[in-house]
Structures are given as structure tokens and as C-alpha cells.
Number of protein chains: 2
Amino acid sequence: MIGKNTIKLIKSLLDKKNRIEENLFVVEGDKIVSEVLSSGFKIERLFVTNTFLEKHSFNLSKASAVIEVLQDEIKKASLLKTPQNCIAICQLPAPIKFPSEMTEPLTLFLDDVQDPGNMGTIIRICDWFGIKQVYCSPGCADLFNPKVIQASMGSFCRVDVITSTFDKVETIAHASGVKICGAFLDGENIYTSDLNKKTLLIMGNEGNGINGQIAGRIDRRVSIPQFAVNNKGAESLNVAVATAVICAEFKRQFNYSK
Amino acid sequence: MIGKNTIKLIKSLLDKKNRIEENLFVVEGDKIVSEVLSSGFKIERLFVTNTFLEKHSFNLSKASAVIEVLQDEIKKASLLKTPQNCIAICQLPAPIKFPSEMTEPLTLFLDDVQDPGNMGTIIRICDWFGIKQVYCSPGCADLFNPKVIQASMGSFCRVDVITSTFDKVETIAHASGVKICGAFLDGENIYTSDLNKKTLLIMGNEGNGINGQIAGRIDRRVSIPQFAVNNKGAESLNVAVATAVICAEFKRQFNYSK
């Protein structure tokens, strides 16, 4: 059974303040819970239905407590529109130690990406494209917001998401000889530019792009060309979509261009 | 003022059945309403706040009726979590005449893309990449679902979205000498394949990919390579993100590869 106070607790974890106070966050759904089970994250309580237990042979021993409940109880406790077969209450991890250098070919800095769906999708994109570190400005959606967790589809278990001001990230980028590159609507065409350099890529806010203070400290401005005839097309792309297209071109040039 | 029955009407237009019965759909927000005002769509009633009128000098004469209302009234009537400064009640357009051939370099077929956010984002992607026609299986989210309209950011005004079975689309693709290409997790690497051919690209459902019946009738299977080390990354990409990365590579090869 999921008690009334546990349901209250789960609902309260929608708010960052409560997540920090309780040191907990929520993960739902077979796929993402399975990723958490095979990661270093600690599950305090895992509520599962019979269907879940029949369908999966995950190693549940990593969860401190596994409680079988009815589908209806999951429904009452769930933060999702379409509740699934399991809800995990997990411990917030210790903060990641701030890296002293930037060694990867491509690293991301998100400047106030506020939509949780976009944040989660970008983390999933990084996971696919082998981008290991994503720095987020303090204005970004919180990694442990349930919508970020769900949209990341479990990728938050593999990608290091580090909240930091741009100043600190800029310092290690400079010290590591990494070029700072920002995505704009009026930059160099990514398809005719040489991207084959160690890069910190900055993606900006949904409505306002990269903020002016950061924009002035960027080495290169890049753009995805608009292919619509006479430029009579969409004014912009969604930030997660743009991140994917730009990261894909970096990776293509790193791996497949002669 | 927005009357009680109008508020009821607006809320009812969340459902496709009601949209068809009333022959109406809803558009909200400055940016998208401005796109509708400069398109062929007909606005029956446009509710705007004073802020909207002060901020914009759109040609409002295209709306049959412009009604100034208070922000609070917009809030009550809005279908959005964050209501904006305007709500337009628009007429559903006449269905697009089914094309007799496929003339564009790249055309899309969406096989049961069910999430409205993904549908809208894909329409916006098509608009950016100059893809003029998107065929949708009957199982796709409805174009006039308010969430599709909002996610498309106005691009639905410029991209032809045509609901059709795969059979009919396959017939015109074959008759037009267009290759049918599907996105899979185990296809040819898009970065080492020659994509410089007239193509109908099929993108599948969020959970299940392209359905088996269609998959058997495809000329080419393509994939976005996973760049994560030892393939220990995300299992897949969101369908809108994958659509963008694949369309971008088609367009790159059409325009920038020698």
C-alpha cells in the first residue's frame, strides 16, 4: 500500500525546495526505473505493480525497499498524466565535483534553458552523442524536476549535469584551450565551417537566446542554415532540436569528414 | 468580455470531435496568432488584451471580430498553463487536395506519431528545413489539437499536413520515382550513406517505431549513429529530435556536399 503521507511526499517532490529539504526525487516508469536500478543512484522505496514484477526480471535488490501495490494506488500517487507500473523514491546524489579541466571534444553549456521537457531531451541527446558533461546556468530547469527526469528517459544516470555560472565554466574552457562557441540565428553556417576543434557549445534560453553578457565572450557564433525557400520558414527551431542538429554536425565532422 | 458559453466552447475544442462538429480550432499567443493573421486561415473571433494592442501593430482586419478583454478573462478561457495576451477562434480549413505526385527532394510520412508536442515540433522542423509536405497516418495526433498548434509555433500555416494511409502515399511515391526510406535503430549510417536522392522519409511511433506492415515495403533503412563510447548511451532519440537530425543530413548532402 502507498500511504496517504507517502502520496503527499511524492506530490511535494514536484517542488525543488521540497526535493532539497527531503533530499529525495521521484522516478516513474519501467524504462527509467530500470536505468536507475543499474546506476549508482539509491532507491529508498520502489512501488511496483504485479504486472511490473511479471514483466521484468530487474535486479531489485538495489532498492532499499520494494513494495507491491495495486495499479490504482500508483495512479493516485503518480505525477504523470499516464501513470505506469512503478514509482521510485530516490536519494538526491552528492553534487558532482567541479571539473578542473575540459578534456572532451564537445561539452555543453545551457544558458537558462527553462522548459523541463527541453532540459531532459537535451540530456538524452548528450547521452546519444557521447557528450559527457553538460553545464547548466543556475536559471536552467532543475535536473531533478520530475519532468526533466522523465524527458531524459534515464540518460540523467549517465551524463554529468553540473550547475555553474558561466564565469567558472569559461575559466576551465580557457585553461584547457577549448574554443567557446554559441548557437545564434545569425552565425556561421555549421555545414561550411570547420568544427573539428575541442569546443564548449552554448545553447541559449527558449525565448531570448544566449544572454548578452555571455554572447560578448564567445569565440565563434554558429547557425543551422534555414533551408526554406526565400527564408520564408520557421523563425527558429526548438532549443532541444537545435542542440541535436548542431551536436550531430560536430560529431559528423569529428568522425566522418576527411 | 469572454462569455461563459464562449469559454465552454474554447475548452470543448480540446477534443477533436468537437473541433469537427464546430468546424473550429484555437490558437493562442502573440507569435502564433500573428502568423495566422498573415496566412490564409480565417479567424472568427480574436480576443486580445490591451497589452497586445499596445505591443503589436498587426493588421487585425483579417479577423472577423476583434474583442478587447482583460488579462483575467484570457486566463479563464485559455487552454495553456501560461496564458498569453490573445486567443483566436479559427475556422478549420478545407482539406488539402491529395497531391497526384511527389515533386520535392524530401517529403515526410509520420507513422502514428502520437504525442502532440512531437507532431507540432516536427511541423516546425519541416518549415525550417523547407519540407513542404508531411503525410500523417490516421493514428497521428490531430494537426488542430491545440498542443500541436502551439508546438508548431505557427509553422502549420506554411507546411501542408495531409492525413493519409501509407498505401496512398506509397502509390504516389512509386509513381514519382521517389525512394522510400525509413528511420530505424539498425539501418545504414546516414553519415556514410548517399542520401542525395528524391526521398519519402518515414518516421515511426514514439514507443514502437515504424509498424511492421510498412517496414516491409521500405527501400532503405537509415540510422543516426550512436556516438556514445561502447554504445553505452541512450537507447534512442526522441522522434522529433531524430527527424531533425536526419532531415538536416539530407539537406546538408543536397546543398553542401560535393
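See the structure printed just above.
In what follows, the accompanying structure is described.

Take the relation of the copies chain B and chain A next. With an axial shift of 0.0 Å and an RMSD of 0.0 Å, the rotation relating chain B to chain A amounts to 180°. Taken together, these values place the two copies in the relation of a two-fold axis. Interface overlap between copies: 100% of the residues of chain B at the interface are likewise at the interface in chain A, consistent with a symmetric, same-surface contact.

Our focus in this paragraph is helix 6 (residues 116–128) of chain B. Residues spaced three or four apart along an α-helix face the same direction, because each turn holds 3.6 residues. End to end, helix 6 of chain B covers 19 Å across 13 residues, agreeing with the expected 18 Å (1.5 Å per residue, within 8%). Across the 13 residues that make up helix 6 of chain B, a large majority, 12, are buried. Among all positions of helix 6 of chain B, only Pro116(B), Asn118(B), Met119(B), Gly120(B), Thr121(B), Ile122(B), Ile123(B), Arg124(B), Ile125(B), Cys126(B), Asp127(B) and Trp128(B) are buried. Turning to helix 6 of chain B, the residues buried within the fold contact helix 10 (239–256) of chain A together with strand 5 (106–110), strand 6 (133–136), helix 7 (146–152), strand 7 (160–163) and helix 10 (239–256) of chain B. Positive phi shows up at Gly130(B), right after helix 6 of chain B, with a value of about 70°.

Attention now goes to the sheet that holds strand 4 (residues 86–91) of chain A. Residues and elements named next belong to chain A. Reading across from one edge, 1-4-2-3 is the order of the 4 strands in this open sheet, with mixed pairing throughout. Only two strands of the sheet have a single partner each, and these edge strands are strand 1 (24–28) and strand 3 (66–68). Strand-to-strand twist across the sheet, computed as the mean angle between neighbouring axes with direction ignored, equals 15°. Bridging between strand 1 and strand 4 involves 5 bridges; their strand directions are antiparallel. The partner of Leu24 across the bridge, within strand 4, is Gln91. Running over the sheet, helix 3 (residues 30–37) touches strand 1, strand 2 (43–48) and strand 4 and is turned about 35° from strand 4.

Moving on, we come to the environment of Val222(A). All names here are of chain A. Along the chain, the position of Val222 falls in strand 10 (residues 220–223). Residue class for Val222 comes out buried when judged on the 21 C-beta atoms lying within 10 Å of it. Those residues in contact with Val222, other than ones at most four positions away along the chain, are Cys181, Ala183, Gly187, Glu188, Ile190, Ser193 and Ile246.

Residues and elements named next belong to chain A. In this structure, Asn255 sits in helix 10. Overall, the presence of 15 C-beta atoms within 10 Å leaves Asn255 in the partly exposed class. Residues Asn255 and Ile149, 106 residues apart in the sequence, show an inter-C-alpha distance of 30 Å.

Thresholds, definitions, all that
- Residues numbered from 1 in each chain as written.
- Chains lettered and ligands numbered in written order.
- Predicted model: local features only at pLDDT ≥ 70, side-chain atom pairs only at ≥ 80, totals over all residues.
- Least-squares fit on C-alpha atoms with pLDDT ≥ 70 in both.
- Contact = placed C-beta atoms within 7 Å.
- Helix = DSSP H or I, 4+ residues; strand = E, 2+ residues; numbered from the N terminus.
- Expected span 1.5 Å × (residues − 1).
- Buried ≥ 20, exposed ≤ 12 C-beta atoms within 10 Å, placed from the backbone.
- Pairing = 2+ DSSP bridges.
- Axes fitted to C-alpha atoms, helices over the stretch in contact; angles between N-to-C directions.

Purely geometric numbers; function is a separate question.
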